[in-house]
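In case you want the letters, here they are:
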Amino acid sequence: MNRIFVIDTVALINYYNIFFHEKDMLSPNVRNAISKCLDRSYDYFKLIIPSVVFVEIYKNFLRSEEMARKFYYEIFIQLKECEDVEIKPIEQEIVSLLLDVDSERTLELHDKIIYASAVQMECTLITNDPKIIKANKRDKFIPEILF
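Note that the structure is a prediction, hence the values are computed from the model and not measured. (Residues numbered from 1 in each chain as written. Predicted model: local features only at pLDDT ≥ 70, side-chain atom pairs only at ≥ 80, totals over all residues. Heavy atoms only, no water.)

Details of the overall build of the chain
Step number 1: Within the chain, the secondary structure is distributed over eight helices and five strands.
Step number 2: N-terminal to C-terminal, the α/β element order of the chain is β-α-α-α-β-α-α-β-α-α-β-α-β.
Step number 3: The C-alpha atoms of the chain give a radius of gyration of 15 Å, which matches the 15 Å a tight globule of 147 residues would have.
Step number 4: For the C-alpha atoms alone, the extent of the chain along its principal axes is close to 40 × 35 × 30 Å.
Step number 5: A burial count over the chain gives 48% of its 147 residues as buried.
Step number 6: For the chain, the share of sequence-separated contacts (at least 6 apart) that also reach a separation of at least 24 residues comes to 62%.
Step number 7: Carbon and sulfur atoms make up 51% of the accessible area of the chain, which totals about 8,300 Å².
Step number 8: Positive and negative charge centroids in the chain, built from 19 and 24 side chains respectively, lie 4 Å apart. (Helix = DSSP H or I, 4+ residues; strand = E, 2+ residues; numbered from the N terminus. Rg over C-alpha atoms; globule rule 2.2 N^0.38 Å. Buried < 20%, exposed > 50% of the residue type's maximum accessible area, 1.4 Å probe, protein only. Contact = heavy atoms within 4.5 Å. Areas by Shrake-Rupley, 256 points an atom, 1.4 Å probe, with all protein chains shown as cover. Lys, Arg positive; Asp, Glu negative; His and termini not counted. Charge placed at Lys NZ, Arg CZ, Asp CG, Glu CD.)

Written as C-alpha cells, this is what we have:
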C-alpha cells in the first residue's frame, strides 16, 4: 500500500530541527514516516512538499545569506534529488481548491495552499497547525492528519 504525505512548513522544520536549532516536536511515528520517504529502499512512501513551504522557510527562518546557502546545499538539494520527494508547484487546480478548503476564511494563504495540496492528492497531511486541523475536522477533506 502506497503512503503519500503532504508536509507543512513547521513539520519540515521539525524534521530538520537540529539545522534550525528547534526543539523536536515530531512524534516518533511521523519522524519514521518522513525518514522512509527520504530512504530510497522504501518504494511505497512518497513525500509531497508544496513549493510555498520553501517560500515560508526562506521568508521566516533563514535569517542570513549564510544560513540560506547552507539550507540550500544541505537540505534543499537532498530533497530535490530524492526520487520519493516531489516539490509541488501551485497549479491551477490548487488555486481552484482554495475557496473550497477554507469556506470560513480562517486559514492564511500559505496554509490554504498546503491544505489544498493534500486535498488534491487525497493523502495524509503532516501538520500540527490547529487551524488546519480544525478546518479538516469540520469539512473532512482529507483522510488523516499526523504530527
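Still more ground to cover, so stick around.
Overview of unusual backbone geometry
Step number 1: Unusually for a residue other than glycine, His21 sits at a positive phi of about 55°.
Step number 2: Counting through the fold element by element, His21 comes out in the loop between helix 2 (17–20) and helix 3 (28–38).
Step number 3: Its identity is not glycine, yet Lys140 carries a phi of approximately 55°, on the positive side.
Step number 4: Tracing the chain through its elements places Lys140 in the loop between helix 8 (130–139) and strand 5 (145–146).
Step number 5: Taking relative accessible area as the criterion, Lys140 reaches 63% and is therefore assigned exposed.

Considering the packing of aromatic side chains
Step number 1: Evaluation of the coordinates by the stated rule reveals 13 aromatic pairs.
Step number 2: Ring centres of Phe54 and Phe71 lie 6.3 Å apart, and the angle between their planes is 55°; on these two criteria the pair is classed as tilted. Linking Phe54 in helix 4 (residues 51–60) with Phe71 in helix 5 (residues 65–81), this pair joins segments that are 17 residues apart in sequence. Pair check on accessibility: Phe54 and Phe71 agree, each one buried.
Step number 3: Members of the aromatic cluster, connected to one another through ring pairs, are Phe19, Phe20, Phe54, Tyr58, Phe61, Phe71, Tyr72, Tyr73 and Phe76. (Phe/Tyr/Trp six-rings, centres within 6.5 Å; stacked < 30°, edge-to-face > 60°.)

Focus: the state of the cysteines
Step number 1: By the definition in use, this model includes zero disulfides.
Step number 2: Cysteine Cys123 is unpaired, with the sulfur of Cys37 as its nearest cysteine sulfur at 10 Å. (Disulfide = S-S within 2.5 Å.)

As for the pairing of strand 2 (residues 45–50)
Step number 1: With five of six residues buried, strand 2 lies mostly within the body of the structure.
Step number 2: As defined by bridge partners, strand 1 (residues 3–7) adjoins strand 2 across four bridges and the pair is classed as parallel. Note that in strand 2 the partner of Val6 across the bridge is Ile48.
Step number 3: Pairing of strand 2 with strand 3 (residues 85–88), which is carried by four bridges, proceeds in the parallel orientation. When the sheet's bridge partners are listed, Ile49 is paired in strand 3 with Ile87. (Pairing = 2+ DSSP bridges.)

Details of helix 5
Step number 1: Here helix 5 contains 17 residues, and its C-alpha end-to-end distance of 22 Å stays within 8% of the 24 Å for a straight helix at 1.5 Å per residue.
Step number 2: The largest bend along helix 5 measures about 40° and falls at Tyr72.
Step number 3: Of all the residues in helix 5, the buried ones are Met67, Ala68, Phe71, Ile75, Phe76, Ile77 and Leu79. (Expected span 1.5 Å × (residues − 1). Bend = angle between axes of the 7 residues up to and from the residue.)

Examining the packing of helix 4 against helix 7 (residues 109–121)
Step number 1: Axis separation between helix 4 and helix 7 bottoms out at 9 Å; the angle between their running directions is 150°. One element, helix 4, and the other, helix 7, form an angle in the roughly antiparallel class. Classified by chirality, the crossing of helix 7 by helix 4 is left-handed. Between helix 4 and helix 7, the contacting residues are Val52, Val53 and Glu56 on the first element and His110, Ile113 and Ile114 on the second.
Step number 2: Looking at side-chain class alone, the contact of helix 4 with helix 7 contains four nonpolar, one polar and one charged residues. (Axes fitted to C-alpha atoms, helices over the stretch in contact; angles between N-to-C directions. Parallel < 35°, antiparallel > 145°, perpendicular 65-115°, else oblique. Left-handed = near helix turned anticlockwise from the far one by under 90°. Nonpolar A, V, L, I, M, F, W, Y, C, P; charged D, E, K, R; others polar.)

By themselves, these figures tell us nothing about what the structure is for.
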